[in-house]
Amino acid sequence: GLEEMMPKPVQDTGNILKQGYLEKRSREHSFFGSEWQKRWCVLNRSTFYYYANEKSKQPKGTFSIEHYSARLAFHLRKDSRKRCCFELICPGKRTYE
């Protein structure tokens, strides 16, 4: 499982490397398949945070990026955004798309 981390407001995450909006695929499947959700994402040296939007005080989720790697994943979408798709992967842990 993922290590439980105390959620922090985005302004307290420190040492921000990148931040901006990404679309994240949800784990829940609806009648139409997996949903893509727009999330404000923040990456620092040790943690990936995602929020409902850039004004949110508490993240909807966080995970340690230790042992994670990124790879392009064009197969995730069929539309014009497929060239921008990537996965964050770590053996034995959740894959983020």
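So, how was this worked out
- Residues numbered from 1 in each chain as written.
- Predicted model: local features only at pLDDT ≥ 70, side-chain atom pairs only at ≥ 80, totals over all residues.
- Heavy atoms only, no water.
- Helix = DSSP H or I, 4+ residues; strand = E, 2+ residues; numbered from the N terminus.
- Buried < 20%, exposed > 50% of the residue type's maximum accessible area, 1.4 Å probe, protein only.
- Contact = heavy atoms within 4.5 Å.
- Areas by Shrake-Rupley, 256 points an atom, 1.4 Å probe, with all protein chains shown as cover.
- Patch = residues over 30% accessible without salt bridge, like charges linked within 9 Å, V, L, I, M, F, W, Y side chains within 5 Å.
- Salt bridge = Lys/Arg side-chain N within 4 Å of Asp/Glu carboxyl O.

Draft legend 1. Representation of the overall build of the chain within the structure. When helices and strands are counted, the chain shows 0 helices and 6 strands. When the helices and strands of the chain are placed in sequence order, the string is β-β-β-β-β-β. Looking at the chain as a whole, 35% of its 97 residues are labelled buried. Intrachain contacts of the chain at a sequence separation of at least 6 include 38% that bridge at least 24 residues. When the accessible area of the chain is evaluated, it comes to approximately 6900 Å², of which 52% is carbon and sulfur surface.

Draft legend 2. Local environment of the environment of Lys18. In this fold, Lys18 is placed in strand E1 (residues 18-30). Each C-alpha atom, one on Lys18 and one on Phe48, is 9.8 Å from the other, the two residues being 30 residues apart in sequence. Once you skip the residues sitting within four places of it in the chain, Lys18 turns out to touch Cys41, Val42 and Leu43.

Draft legend 3. Up close: unusual backbone geometry. Even without being glycine, His67 reaches a positive phi, approximately 75°. Summarising the element assignment, His67 is placed in the loop between strand E4 (61-64) and strand E5 (69-72).

Draft legend 4. Examining a nonpolar patch on the surface more closely. Residues Leu22, Leu72, Phe74 and Phe86 make up a contiguous nonpolar surface patch of about 350 Å² in total accessible area. Here Leu72 shows up in strand E5.

Draft legend 5. View of the pattern of salt bridges. In the structure shown here, the tally under the stated rule is 5 salt bridges. Between Glu23 and Arg77 there is a salt bridge, and its shortest N-O distance comes to 2.5 Å. Remark: Arg77 occurs in the loop between E5 and strand E6 (86-89) and Glu23 occurs in strand E1; sequence separation between them is 54 residues. Given the relative accessible area of 13%, Arg77 is considered buried. Ionic pairing is found between Glu87 and Arg71, a salt bridge with its closest N-O pair at 2.7 Å. Of this pair, Glu87 sits in strand E6 while Arg71 sits in strand E5, placing them 16 residues apart in sequence. Arg71 sits in the partly exposed class, given a relative accessible area of 44%. Through salt bridges with shared partners, one network takes in Glu23, Arg77, Asp79 and Arg81.

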